[in-house]
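# Chains, contacts and geometry: an overview
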Amino acid sequence: MALSFFSLVTGLYVLHFSIALILVNKEVPQTRGMLYPRESETREVRSLDGIWNFVRSDQANPTQGVRDEWYAKELSKSRPTIPMPVPASYNDITTDNLRDHVGTVWYDRKFFVPRSWAKDQRIWLRFGSVHYEAYVWINGQKVVKHEMGHLPFEAEVTDLLSYGAENRITVMCDNALIQTTVPQGRITEVPNDGGMTIVQSYTFDFFNYAGIHRSVHLYTTPRTFIEEVEVTTNLSKDATIGEVFYSVSVNGSAANEADNVLHIQANLYDKEGVLVANATSDGKLGGKLQVNQVKPWWPYLMHPEPGYLYQLEIKLLATNDELLDVYRLKVGVRTLSWNSQQFLINGKPVYFRGFGRHEDADIRGKGLDNALMVRDFNLLKWIGANAYRTSHYPYSEESMQFADEHGIMIIDECPSVDTENYSQELLGKHKSSLEQLIHRDRNHPSVVMWSIANEPRTGSVGADSYFELVANYTRSLDKTRPITAAIAVPNTQDKAGRSLDIISFNRYNAWYSNAGRLDMVTQNVIDEAVAWNKRYNKPIIMSEYGADTLEGLHMQPAYVWSEEFQTEVFSRHFKAFDELRKKGWFIGEFVWNFADFKTAQSYTRVGGNKKGVFTRARQPKAAAHLLRKRYFALGRDLDQCSFPEDLFTYIADLIS
């Protein structure tokens, strides 16, 4: 069996890459289905989360399990297994060197399928995310292969299951990153005390956690079912009338019967469950709902009722009005627009104030953690942020739904980070990552922008044509949102900005540049932002700035790594941002980072990256309190929000 995720010579990884001077805009596979699993009158959902069995392959022999057909029987019959939680990264669970394992690992578990599921319906197996590449078997039969961490995949398993009996699912996961994966990395063979070993390296500054990171579900659909729903919205000029446009795709035999014209009954309900609009489509399975006295979706602090969501109910009906399927999803009614100066939501200019973040936590790594997610959103609202970027990969579907509900705007980023060594194969996978991302997230009102890369090497040969192809492909998938990328090269070297709608730049004044020099921050930030705008005549965002800070380290005067220094770095940036805001085209500031996170081992990293305003345990550093005052001050100045009662600590009642 040939495995595409690596080449093997004498049992070892060998790296292959090529530099393509001419790139061809080839088609990439299109995603179908992938609606988030939800129960309804016609659908059931069962979680396969829990404790699975786990085996690691030998690093020097990563394909042994395939050759020996470990998937054909229980893993425990091939190798001793250990328990492994799903969802979770596997790296930090054990006490041995599993953390730095390179190559393949295996999971399996057993589960029952009720006999009732065998009756006139279809069964689907869905993974929220496996990083990086996954092969899946059911009862020893191959079901699906998927490459690209952080994005969902699914397959029909109706004919592979035993009903009213025990079944077995087996997953092989490979974490190897090479120059044609997204993100990129390198595999090398280096000598160690025992002879030779395999080492994974990468230039990005976060740990390459791996495993089954998000939930695994079995779900049922009718034989003919709603496969896709695409929603767009519009508002009247006075924002009193909303329009919800819906388009539905159907899968199943009934969709192909000439004498059975399927149609859609669409119902829209407000938060109180009151029906506010309904429509019946023709055979085109699409239509428009008009909402009078609409409540638009607004970002947090821009309106007293942010994140307002309606529920859209889609009913699939046969010619005789027989109910075939029902699917429901939340809808926010809002408009986006942008020009060379501004970004607007519902016709009102937006000033972004937020963070770059990571899905990262102690023990579970990048595994989905609902408690942590709720804590993070509480902290985002506590600090007064209205946005974040999903640096540097797509975040969980559950977090996207939470952002919808809380009015937090999302710059949705694909997993391309430190992109370099441009090639035709890399271009295809990069475009595929964006196609999968947009297909998954296109209906979220919180998603207001697509980021097509973080810190790509946009000064390199081929960067101009490469990112023109990537940006144009992204626009072909969604013309309703602007495109950006977080650029780190100097503006004089950049070749990608001409293909973007909004320019985002990362720069660490007083840290990576002129470390410790607080007197070299404000003017440098102003000068660089002005230069970016002068070159491209587009809105500008500073998408990363900050300083590593060890919680509890205090030094006066301020000194690098101390909490005082982080606070001073922020303050010098704030002064620059306020000068830039007066120019009309500077539209946002994003701190790096929301919370401390793990990185690869390095003498420059003490337990990971410490640029968070919150610790990895989600407790505030001193700079968090300063940032909170700024974000709420901006909210009051720009959006007329009120201050929280605890924003300022009582000091004294001064009597003259």
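Procedures and definitions
Residues numbered from 1 in each chain as written. Predicted model: local features only at pLDDT ≥ 70, side-chain atom pairs only at ≥ 80, totals over all residues. Heavy atoms only, no water. pLDDT = per-residue confidence, 0-100. Contact = heavy atoms within 4.5 Å. Helix = DSSP H or I, 4+ residues; strand = E, 2+ residues; numbered from the N terminus. Pairing = 2+ DSSP bridges. Axes fitted to C-alpha atoms, helices over the stretch in contact; angles between N-to-C directions. Parallel < 35°, antiparallel > 145°, perpendicular 65-115°, else oblique. Nonpolar A, V, L, I, M, F, W, Y, C, P; charged D, E, K, R; others polar. Phe/Tyr/Trp six-rings, centres within 6.5 Å; stacked < 30°, edge-to-face > 60°. Buried < 20%, exposed > 50% of the residue type's maximum accessible area, 1.4 Å probe, protein only. Lys NZ or Arg CZ within 6 Å of the ring centre and 35° of its normal.

Turning our attention to the confidence of the model for the chain. Here the chain shows a mean pLDDT of 94. Residues at 70 or above account for 96%. Under a pLDDT of 50 for its full length, residues 1-20 has, in the predicted model, 57 contacts with residues more than four places off or in other chains.

Of note, the amide linkage connecting S391 to H392 takes the cis form, showing an omega dihedral of -10 degrees. Here H392 is to be found in the loop between strand 28 (387-389) and helix 3 (397-406). Following W592, the chain continues into N593 via a peptide bond in cis, with omega recorded as 15 degrees. Here N593 is to be found in the loop between strand 34 (586-592) and helix 8 (622-639). Phi is positive for E69, which is not a glycine, with a value near 55 degrees. Within the secondary structure, E69 sits in the loop between helix 1 (64-67) and strand 5 (82-86). We note that L301 has phi near 75 degrees; this positive angle belongs to a residue other than glycine.

If you trace the six strands from one edge of the open sheet to the other, you get 5-4-6-12-9-10, paired in antiparallel fashion. Each end of this open sheet is capped by a strand with a single partner; those strands are strand 5 and strand 10 (141-147). Recorded for the sheet is a direction-independent mean angle of 30 degrees between the axes of neighbouring strands. Two strands pair when backbone bridges link them, and strand 9 (residues 133-138) and strand 12 (residues 165-174) are joined in this way by six bridges, in the antiparallel orientation. Its bridge partner lying in strand 12, E133 is registered against D174.

Once that is clear, we can look at the packing of helix 2 (residues 370-383) against helix 8. At a minimum axis distance of 8 Å, the contact between helix 2 and helix 8 shows a crossing angle of 60 degrees. Put simply, helix 2 runs oblique to helix 8. Note on element contacts: helix 8 touches helix 2 through A624, H625, L627, R628, Y631 and F632, opposite K381, W382 and I383. Here the residues of the contact of helix 2 with helix 8 sort into six nonpolar, one polar and two charged.

Centre-to-centre distance and the angle between the planes together describe a pair of aromatic rings. Throughout the structure, instances matching the rule amount to 39 aromatic pairs. Between W106 and W137, the ring centres sit 5.4 Å apart and the planes meet at 15 degrees, which makes this aromatic pair stacked. Linking W106 in strand 6 (residues 104-113) with W137 in strand 9, this pair joins segments that are 31 residues apart in sequence. Here W106 and W137 have matching classes, each one buried. Here F206 and Y393 contribute two aromatic rings whose centre-to-centre distance is 5.6 Å and whose plane-to-plane angle is 55 degrees, an arrangement assigned as tilted. Of the two residues, F206 is situated in the loop between strand 14 (195-201) and strand 15 (211-212) and Y393 in the loop between strand 28 and helix 3; the sequence distance between them amounts to 187 residues. Clustering of aromatic rings is evident, with ring pairs tying together Y202, F204, F206, F377, Y388, Y393, Y395 and F402. Note that K431 overlies the ring of Y473, its terminal NZ or CZ placed 4.9 Å from the centroid.

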